[in-house]
Amino acid sequence: AETAGFCFGVDRAVKTTEALLDQGRSVATLGPLIHNPAVVAALAARGAIAVDGPADVPSGSVAVIRSHGVPPAVNIELDVRGIETIDATCPFVSKIHTVAGHAQMENAMLLIAGDREHPEVQGIVGHAGTDVVVFANIEELRDMMDKFDLDREIWVVAQTTYEVTKWLECVDFLKKVCTKCVVFDTICNATLTRQEETAGLGNRCDLIVVAGGAGSSNTRKLLAVAGAHT
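Residues numbered from 1 in each chain as written. Predicted model: local features only at pLDDT ≥ 70, side-chain atom pairs only at ≥ 80, totals over all residues. Heavy atoms only, no water.

A. Region of interest: the overall build of the protein. Within the protein, the secondary structure is distributed over 9 helices and 8 strands. Relative to the globule expectation of 17 Å for 230 residues, the C-alpha radius of gyration of the protein, 19 Å, shows essentially globular dimensions. Expressed as a percentage of the 230 residues in the protein, the buried residues total 45%. Contacts in the protein between residues far apart in sequence, at least 24 positions, make up 66% of those at least 6 positions apart. (Helix = DSSP H or I, 4+ residues; strand = E, 2+ residues; numbered from the N terminus. Rg over C-alpha atoms; globule rule 2.2 N^0.38 Å. Buried < 20%, exposed > 50% of the residue type's maximum accessible area, 1.4 Å probe, protein only. Contact = heavy atoms within 4.5 Å.)

B. Geometry of the sheet that holds strand β5 (residues 109-113). Pairing is parallel in the open sheet, where 4 strands are placed in the order β6-β5-β7-β8. Strands at the two margins of the open sheet, each flanked by one partner only, are β6 (132-135) and β8 (181-183). With strand direction ignored, the average angle separating the axes of adjacent strands in the sheet is 25 degrees. Looking at chain direction, β5 and β6 are connected through 4 bridges and run parallel. Bridge pairing in β6 places A113 opposite F135. Across the sheet, helix α4 (residues 91-105) is in contact with β5 and β7 (154-158); its angle to β7 comes to roughly 165 degrees. (Pairing = 2+ DSSP bridges. Axes fitted to C-alpha atoms, helices over the stretch in contact; angles between N-to-C directions.)

C. Inspection of the packing of α4 against helix α5 (residues 119-127) at higher detail. Remark: α4 packs on α5, axes separated minimally by 8 Å, with the N-to-C direction vectors making an angle of 30 degrees. Crossing angle aside, the handedness with which α4 passes α5 is right-handed. Between α4 and α5, the residues in contact are V93, I96, H97, A100, G101 and Q104 and E120, G123, I124 and H127, respectively. A class-by-class count of the residues in the contact of α4 with α5 yields 4 nonpolar, 5 polar and 1 charged. (Left-handed = near helix turned anticlockwise from the far one by under 90°. Nonpolar A, V, L, I, M, F, W, Y, C, P; charged D, E, K, R; others polar.)

D. Local environment of the packing of aromatic side chains. All told, the structure shown has 1 aromatic pair when counted by the stated rule. Both rings, one in W155 and one in F184, keep their centres 5.2 Å apart while their planes meet at 50 degrees; by these two values the pair is tilted. Of the two residues, W155 is situated in strand β7 and F184 in the loop between β8 and α8 (189-202); the sequence distance between them amounts to 29 residues. Here F184 falls in the partly exposed class, since its relative accessible area comes to 24%. Positioned above the aromatic ring of F173 is the side chain of R142, whose terminal nitrogen or guanidinium carbon lies 5.5 Å from the ring centre. (Phe/Tyr/Trp six-rings, centres within 6.5 Å; stacked < 30°, edge-to-face > 60°. Lys NZ or Arg CZ within 6 Å of the ring centre and 35° of its normal.)

E. Summary view of the sheet that holds strand β4 (residues 85-87). Pairing within the open sheet is parallel, and its 4 strands lie in the order β2-β1-β3-β4. In the strand order of this sheet, the two ends are held by β2 (49-51) and β4, each with one partner. Averaged over all neighbouring strand pairs, the angle between strand axes comes to 30 degrees, with direction disregarded. In terms of strand pairing, strand β1 (residues 27-30) meets β2 through 3 bridges, oriented parallel. Paired with A28 across the strands is I49, a residue of β2. With respect to the sheet, helix α3 (residues 72-81) is in contact with β1, β3 (62-65) and β4, its orientation differing from that of β3 by roughly 170 degrees.

F. Representation of the side chain of S67 within the structure. The topology assignment puts S67 in the loop between β3 and α3. Judged by its relative accessible area of 6%, S67 falls in the buried class. With residues near it in sequence (within four places) discarded, S67 still touches G9, V10, A13, A88, T89, C90 and V93.

G. View of the layout of surface pockets. There is about 860 Å³ of room inside the largest pocket. Residue lining of the largest pocket: 41 residues in total, with G5, R194, N218, T219 and L222 positioned closest to the centre. Of all elements in the fold, only α1 (8-22), α4, α8 and α9 (217-228) reach the threshold of two or more residues within the lining of the largest pocket. Among the elements that make up the lining of the largest pocket, the one with the highest residue count is α8 (7 residues). A class-by-class count of the residues in the lining of the largest pocket yields 19 nonpolar, 19 polar and 3 charged. (1 Å grid on protein atoms, 1.4 Å probe; cavity = no way out; pocket = protein on both sides within 12 Å on 5 of 7 lines; lining within 4 Å. Points joined across faces, edges and corners; volume = space filled by probe spheres on them.)

H. Fine view of unusual backbone geometry. Located in the positive-phi region is N107, a residue other than glycine, with phi close to 60 degrees. Mapped onto the elements of the fold, N107 is located in the loop between α4 and β5. According to the relative accessible area criterion, N107 is exposed, its value standing at 54%.

In structure tokens form, the structure reads like this:
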């Protein structure tokens, strides 16, 4: 695969953390920096620790916000503690945070296509206020539509690593049933390119090996695409 490897946001977060370690800084990442055990272990060997939340960041350490981003409450807690913070949130994720905030200001309901347990989605939810709903797939979306006021404006975004074919299916459905649906195409280019390339490989290969962390949304989506095309 020509585009195998870290996406822009992850590469930026890893390089940022490595640069801090090169400076001899004490580094704590809010959660594993990326969902790749080998990389996390390599950073840990250099002294970077992964913590569960702001309260666990040791005094004197630099807190690195990983590419997935965090809810605003996390930044507030870090500020209250006086912890120096480096924000390595992927710019593509930050754009979704902006959309989520604007949806709240415009009194629009926000729908998020993604994994509600994933830290990226939890960060987006935190920027959206209370009028936000997460759905995993078209089946969940169909089941919840009768609970919405379809005459109201509904905004919809996707987790940056959401499976492209499933996203298009959901968008097509929403446009048919919602009179005021505003769609934001927030799947990042790296995800789109890798999924398209995986599908292309699957059409001419007997076997595809996906190298990545089992807990990675990107890895799982590539595995699903590969399985559908081999």
